Amino acid sequence: MSAAAFTAVMGGTPAQVENAAEIGMEHNLGLTCDPVDGLVQIPCIERNALGAVKAVTAAQLALQGDGSHRVSLDQVIETMRQTGQDMMSKYKETSQGGLAVN
């Protein structure tokens, strides 16, 4: 959503704004949230910093196009919902899986 907001601030059309949101979200599908020692510092801070860079890049890509894209924002949102349902709960900010236990 930050990619969409940045695109709007930079003067993008509604189609470009939607495209930026789609680009930004599709590359974050299936990420686990596995805070080490229950703290959000590792790996969340680094992940958020990289997410900000990805948002700017997604906005730049969207602004270079006319807003048309193969995968719709609705498809990405639905895929994110399905992925969240399918993902084991231990990978959902519980410190019970992933980096938190290895």
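Up top is the structure.
If you're wondering where the values come from, they're calculated on a predicted model, not measured in any experiment. (Residues numbered from 1 in each chain as written. Predicted model: local features only at pLDDT ≥ 70, side-chain atom pairs only at ≥ 80, totals over all residues. Heavy atoms only, no water.)

Q: Lay out the side chain of Glu 22 with the relevant residues and their values.
A: Tracing the backbone through its elements, the reader meets Glu 22 in helix α2 (residues 14–26). Despite being buried, Glu 22 has no salt bridge partner; Arg 70 is the closest side chain of opposite charge, sitting 10 Å away. (Helix = DSSP H or I, 4+ residues; strand = E, 2+ residues; numbered from the N terminus. Buried < 20%, exposed > 50% of the residue type's maximum accessible area, 1.4 Å probe, protein only. Lys, Arg positive; Asp, Glu negative; His and termini not counted. Salt bridge = Lys/Arg side-chain N within 4 Å of Asp/Glu carboxyl O.)

Q: Break down the packing of α2 against helix α4 (residues 73–86) for me, citing the residues and quoting the values.
A: At a closest axis distance of 9 Å, the pairing of α2 and α4 adopts a crossing angle of 30 degrees. Classified by the angle their axes make, α2 and α4 are roughly parallel. Pair α2 / α4 crosses with left-handed handedness. Contacts from Glu 18, Ala 21, Glu 22, Met 25 and Glu 26 in α2 reach Leu 73, Val 76, Ile 77 and Met 80 in α4. The class makeup of the residues in the contact of α2 with α4 is six nonpolar, no polar and three charged. (Axes fitted to C-alpha atoms, helices over the stretch in contact; angles between N-to-C directions. Parallel < 35°, antiparallel > 145°, perpendicular 65-115°, else oblique. Left-handed = near helix turned anticlockwise from the far one by under 90°. Contact = heavy atoms within 4.5 Å. Nonpolar A, V, L, I, M, F, W, Y, C, P; charged D, E, K, R; others polar.)

Q: Any details on the side chain of Asn 19? Residues and values, ideally.
A: Within the fold, Asn 19 resides in helix α2. The contact partners of Asn 19, leaving out residues within four places of it in the chain, are Ala 62, Gly 67, Ser 68 and His 69.

Q: Could you give me a rundown of the environment of Gly 51, with the residues and numbers involved?
A: Inspection of the secondary structure puts Gly 51 in helix α3 (residues 41–64). With relative accessibility at 27%, the residue Gly 51 sits in the partly exposed group. Taking the C-alpha atoms as reference points, Gly 51 and Gly 24, separated by 27 residues in sequence, lie 8.4 Å from one another.

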